[in-house]
Amino acid sequence: MPTSPPPRTPTSTLTRALHGGAAILLIAAVPVAVVGLLGQDDYRGVPRSELDYAVRPLDIPAGWMTTIGVIALLLAAAAAALLLHGGRRGATDRRRWQVVCPLVGVGVILGFGYHVATAGVIGANIGFGLVVFFGVPLVVVLLVLAAAREWALHAGAGRRAP
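Just so we're clear, the structure is a prediction, and the values are computed from it rather than from any experiment.

**Remarks on the overall build of the protein chain**
If you tally the helices and strands in the protein chain, you get 4 helices and 0 strands. When the helices and strands of the protein chain are read in sequence order from the N terminus, they spell out α-α-α-α. Classification of the 162 residues of the protein chain by burial places 31% in the buried group. Residue pairs at least 24 apart in sequence account for 81% of intrachain contacts in the protein chain once pairs closer than 6 positions are excluded.

This is the structure in structure tokens:
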């Protein structure tokens, strides 16, 4: 006679809050890591005062920017590891990755867009125009996808509740 698996215990509020915080940390750390690790991209051989910027970069030294990027990357990796571990143990719903991953993609696009927007150039910053032209619609699609998936998961959970 086959035995049924033991009933799952409900996930505690603290565990859900921890995993929610880890997801927020992952989403927030990714654009900071991208900006920090890519660094400032100014045209070489021209003084900074003669360069044109679409957006003025923050006045952070290059060494500090790299350090901030590495720390953000480590935080994002730790948050992702915590979420993966929680998913493997059954403490979190693995389908939540369908919401988190598009938002991480938005963070990558925003981080890269900031990197391009703050690049010092001579004349027009064509790269910034391309980021706006292609990046903004992609960000909108990813946000709609994440929102639709979150809505579907929430609606499905409401139907299964007793």
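So much for the structure itself; the text now carries on.
**Some words on the packing of helix H1 (residues 13-38) against helix H2 (residues 62-89)**
Taken N-terminus to C-terminus, the directions of H1 and H2 make an angle of 150°; their axes are 7 Å apart at the nearest point. In terms of axis orientation, H1 runs roughly antiparallel to H2. By crossing handedness, the relation of H1 to H2 is classed as left-handed.

**Points about the packing of H1 against helix H3 (residues 97-117)**
Interhelical geometry of H1 versus H3 gives an angle of 25° and a closest axis separation of 8 Å. Considered as vectors, H1 and H3 are oriented roughly parallel to each other. For the pair H1 and H3, the crossing hand works out as right-handed. Only Trp97, Val100, Leu103, Val104, Gly107, Val108, Gly111, Phe112, Tyr114 and His115 of H3 make contact with H1, whose side of the interface consists of Ala23, Leu26, Ile27, Val30, Pro31, Val34, Val35 and Leu38. Broken down by class, the residue content of the contact of H1 with H3 amounts to 15 nonpolar, 3 polar and no charged.

**So, the nonpolar core**
Judged by nonpolar contacts, the single largest core of 14 residues is most densely connected at Leu26, Val30, Ala76, Leu83, Val100 and Val104. Residue assignment for this core shows that the elements contributing at least two residues are H1, H2 and H3. Broken down by element, this core gets its largest block of residues, 7 residues, from H1. The residues touching Leu26, leaving out its near neighbours within four places in the chain, are Ala76, Ala79, Ala80, Leu83, Trp97, Val100 and Val104.

**Re the pattern of salt bridges**
For the structure on display, the rule yields 2 salt bridges. As a salt-bridge pair, Arg96 and Glu150 come within 2.5 Å of each other at their nearest N and O atoms. Pair noted here: Arg96 is in the loop between H2 and H3 and Glu150 is in helix H4 (residues 126-160), with a separation of 54 residues, a long-range link. For Arg96, a relative accessible area of 34% puts it in the partly exposed group.

Calculation notes
- Residues numbered from 1 in each chain as written.
- Predicted model: local features only at pLDDT ≥ 70, side-chain atom pairs only at ≥ 80, totals over all residues.
- Heavy atoms only, no water.
- Helix = DSSP H or I, 4+ residues; strand = E, 2+ residues; numbered from the N terminus.
- Buried < 20%, exposed > 50% of the residue type's maximum accessible area, 1.4 Å probe, protein only.
- Contact = heavy atoms within 4.5 Å.
- Axes fitted to C-alpha atoms, helices over the stretch in contact; angles between N-to-C directions.
- Parallel < 35°, antiparallel > 145°, perpendicular 65-115°, else oblique.
- Left-handed = near helix turned anticlockwise from the far one by under 90°.
- Nonpolar A, V, L, I, M, F, W, Y, C, P; charged D, E, K, R; others polar.
- Core = buried A, V, L, I, M, F, W, Y, C linked by side-chain atoms within 4.5 Å.
- Salt bridge = Lys/Arg side-chain N within 4 Å of Asp/Glu carboxyl O.

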